[in-house]
Amino acid sequence: MELIEIKSLKVTFPTEAGLVRAVDCVDLQLGAREKLGLIGETGSGKSVLAHATLRLLQPDALCEGEILYQGRNLLDCTPTELRRLRGRELALIPQNPSRALNPLQTVGKQLFETLRQAGYSRKEAAAKLPELLRSVGAIDPDSWAKAYPHECSGGMCERIVIALSLAFSPSLLLADEPTKGLDSLNRARIITLLGEVTENRALLFITHDLEAAALLCTRLALMYAGELVELGDKAAVFENPLHPYTRGLLFALPARGMQPIPGRSPPLTALPDGCRFHSRCPEAIARCRSQHPPLFDTGNGHFCRCWLYV
Amino acid sequence: MVLEIGNRYILRRFFSGLLVFLLSITLTFFLLRSLPGDYMTDLLLEIGRYAPPELVASFKHEVGLDLPLPEQYLLYLTGILKGNWGHSFEYGLPVFSLIREKLYWTLVLLLPSSLLSAGLGMGLGAYSGWKNGSKTDAFLLHSLVFVGAVPSYCWGFAGLFIFSFRLGLLPFGGYVSLPGTEPAGLFRHALLPVLTLTLCSVPGIYYLMRNSMLDTLGEDYILAARARGFSESRILFQHALPNSILPVLTMTSLHCAHMLAGSVFIETIFAWPGLGLLTYSALETHDLPLLQGIFLVDTLLIIIANLTADLLYPLIDPRIRSRIRGE
């Protein structure tokens, strides 16, 4: 059985500008130790998908479809059931780590509180704390524990939020852009660290950093304007990208010519008819303007939402 | 720890307070001297007579009001430094001892109402923000907008009308402290003015606290705490509340100091023998030395409130501590 199975998930928010369709009919599966990279640009709905999985969206967000965790639909869980799953089974490594820490408490206090939440006694938690900090790469755990969040660097904060998510032993880590805003050295260290700590657990790696995803993940899913546009094994996606958007992203990499995709993604309140990418697509045909393409199975678990592969 | 980090910080705060104090008493001195009318003219007008100019002149000579302004100002400053705040025209007594006695009775009103309004304002504001969008939140918000929109003296009169006139439960005011006055009498007299002062200060603190709570709830660390499965009460008391109180703290201490201004109305309405009532009568009679002394004490109280907030801040917020250490 898959660890987590997302079935035709739809997330909408009512706003003054109209209904925002942040996630639209997304289907995804993740096995027990699988590492899946969820790639897309800002506003493509990838963070919303992660927050929906943990049921952390604002109260007026409407979720339809199913999110099955070990066969149980998270969208039907009561608040108490959700509290037992959050952290313990499904852990989030939030975006902007420096802002994800309470500025008034020391790192140690926040870790201690989280360890206590994970069920350790005071004594056990105090003993486990330095060990946990060491596991995310702290050489001097005591000085880390005494520091306040504003005294920590970006890389340190990232490690601390990873430590916080590991205080429990979650079976799935949802890492929301953990390499964002880090210099190349810290980025490489965080990628290595994430690889180490997810050896025995599943990882949903949300990023717009294609290379980081390629290093960490076995499968890649690409999102554009709220829907999946391509899904497949890492090698297949990198060597044989099917969707013009994926190809565009690959050509935008520094190693492959640094050619950005022209234009910008459509607003989620006014999505175009037909393919959502057609206005930016160099290969668009007449059909792309009028008909919305479904996700086609092109064989070997490689899916693509494009009329070129009918 | 505070002492270790903050000697320079405290000193700097203290000096800036001193600067504000000097500036403020200078301003009051010259403003009061530009008031039209004088003590003697007003006094005789009260009994229906015009004061003869030679009488006014001889009074001014006696109290030193005929000296050139810079000289008067210098005399005033040196007097303050020596602890001589002058004598009241009206009472003939040293200003300092007059104020000291009245200030005590004003603080009897101000301290409980400060504590009550800070507690109520912060408590209700935090609850309202936490329950944002609920019926309780809407009810609190609307009723406190109403309470805050009505001037303090209207609430004073309303209280007198209902509890004293209609129900006869409480006295109309006019508290006199006699030796051996039982505490029950003080309580009965102080109840309405304290409640009125509190009622008028709660809305301001409430809005601030509610907004601050709303801002805090949008922060990433609240979401992150939820993602770790913390209970709602834990998120409220460990994360949301301490962070949202911070910006409200300074404003609350100032708010309490500003109650002094409100107490002029309230003490006049309830005939409470405090500094507010004294201010009112001193303004009526052009009692310049007394007014100067009262404004000096007002200034001091506001500066002290400000200093208290400045000194409390680094105790609560580690970011401020770091900044002070870096200075």
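Residues numbered from 1 in each chain as written. Chains lettered and ligands numbered in written order. Predicted model: local features only at pLDDT ≥ 70, side-chain atom pairs only at ≥ 80, totals over all residues. Heavy atoms only, no water.

## Section: the packing of aromatic side chains
Residues and elements named next belong to chain B. The final tally for this structure, using the stated rule, is 19 aromatic pairs over all chains. A centroid spacing of 4.9 Å and a plane angle of 80 degrees characterise the contact between Trp 85 and Phe 96, whose relative ring orientation is edge-to-face. Of this pair, Trp 85 sits in the loop between α4 (69-82) and α5 (95-130) while Phe 96 sits in helix α5, placing them 11 residues apart in sequence. A relative accessible area of 15% means that Trp 85 is categorised as buried. A residue is classified by how much of its surface remains accessible, and Phe 96, at 39% relative accessible area, is partly exposed. For the pair Trp 105 and Trp 272, a centre-to-centre distance of 6.3 Å together with 80 degrees between the ring planes defines the contact as edge-to-face. Highlighted residues: Trp 105 in helix α5 and Trp 272 in the loop between α10 (232-269) and α11 (275-284), separated in sequence by 167 residues. (Phe/Tyr/Trp six-rings, centres within 6.5 Å; stacked < 30°, edge-to-face > 60°. Helix = DSSP H or I, 4+ residues; strand = E, 2+ residues; numbered from the N terminus. Buried < 20%, exposed > 50% of the residue type's maximum accessible area, 1.4 Å probe, protein only.)

## A look at the sheet that holds strand β12 (residues 303-304) of chain A
Within a sheet, neighbouring strands are paired by backbone hydrogen bonds and run either parallel or antiparallel to one another. The strand order across the open sheet formed by eight strands is β6-β7-β8-β3-β9-β10-β12-β11 (chain A), and the pairing between neighbours is mixed. Edge positions in the open sheet fall to β6 (90-93) and β11 (296-297) of chain A, since each of these has one partner strand only. (Pairing = 2+ DSSP bridges.)

## Concerning a positive patch on the surface
Residue and element names in this part refer to chain A. Among the surface-exposed residues, Arg 72, Arg 83, Arg 84 and Arg 88 lie close enough to one another that they form a single positively charged patch. The topology assignment puts Arg 83 in helix α2 (residues 79-85). By relative accessible area, Arg 83 is classed as partly exposed at 30%. (Patch = residues over 30% accessible without salt bridge, like charges linked within 9 Å, V, L, I, M, F, W, Y side chains within 5 Å. Areas by Shrake-Rupley, 256 points an atom, 1.4 Å probe, with all protein chains shown as cover. Salt bridge = Lys/Arg side-chain N within 4 Å of Asp/Glu carboxyl O. Lys, Arg positive; Asp, Glu negative; His and termini not counted. Charge placed at Lys NZ, Arg CZ, Asp CG, Glu CD.)

## Some remarks on the nonpolar core
Judged by nonpolar contacts, the single largest core of 107 residues is most densely connected at A:Leu9, A:Leu28, A:Leu38, A:Leu172 and A:Phe205. With eight residues, helix α6 (residues 154-166) of chain A is the single largest residue contributor to this core. Listed in part, the 29 residues of the second largest apolar core include B:Phe29, B:Ala51, B:Leu278 and B:Ile303. (Core = buried A, V, L, I, M, F, W, Y, C linked by side-chain atoms within 4.5 Å.)

## Structural notes on the sheet that holds strand β5 (residues 72-73) of chain A
Residue and element names in this part refer to chain A. With antiparallel pairing, four strands are arranged side by side in an open sheet as β2-β1-β4-β5. For this open sheet the edge positions go to β2 (18-30) and β5, each flanked by a neighbour on one side alone. Sheet topology note: the strand β1 (residues 4-15)/β2 ladder contains nine bridges and is antiparallel. Bridged to Thr 12 within β2 is Arg 21. Against the sheet, helix α1 (residues 46-53) touches β1, β2 and β4 (62-69), its axis set at about 110 degrees to β1. (Contact = heavy atoms within 4.5 Å. Axes fitted to C-alpha atoms, helices over the stretch in contact; angles between N-to-C directions.)

## Some remarks on the pattern of salt bridges
Counted by the stated rule, this structure contains 16 salt bridges over all chains. In this structure, the salt-bridge partner of A:Glu211 is A:Arg187, at a minimum N-O distance of 3.9 Å. Taken together, the residues span a long stretch of sequence, with A:Glu211 in helix α8 (residues 210-216) and A:Arg187 in helix α7 (residues 184-197) at a distance of 24 residues. When the shortest N-O distance is used, the salt bridge between B:Arg226 and B:Glu232 registers 2.9 Å. Taking relative accessible area as the criterion, B:Glu232 reaches 37% and is therefore assigned partly exposed.

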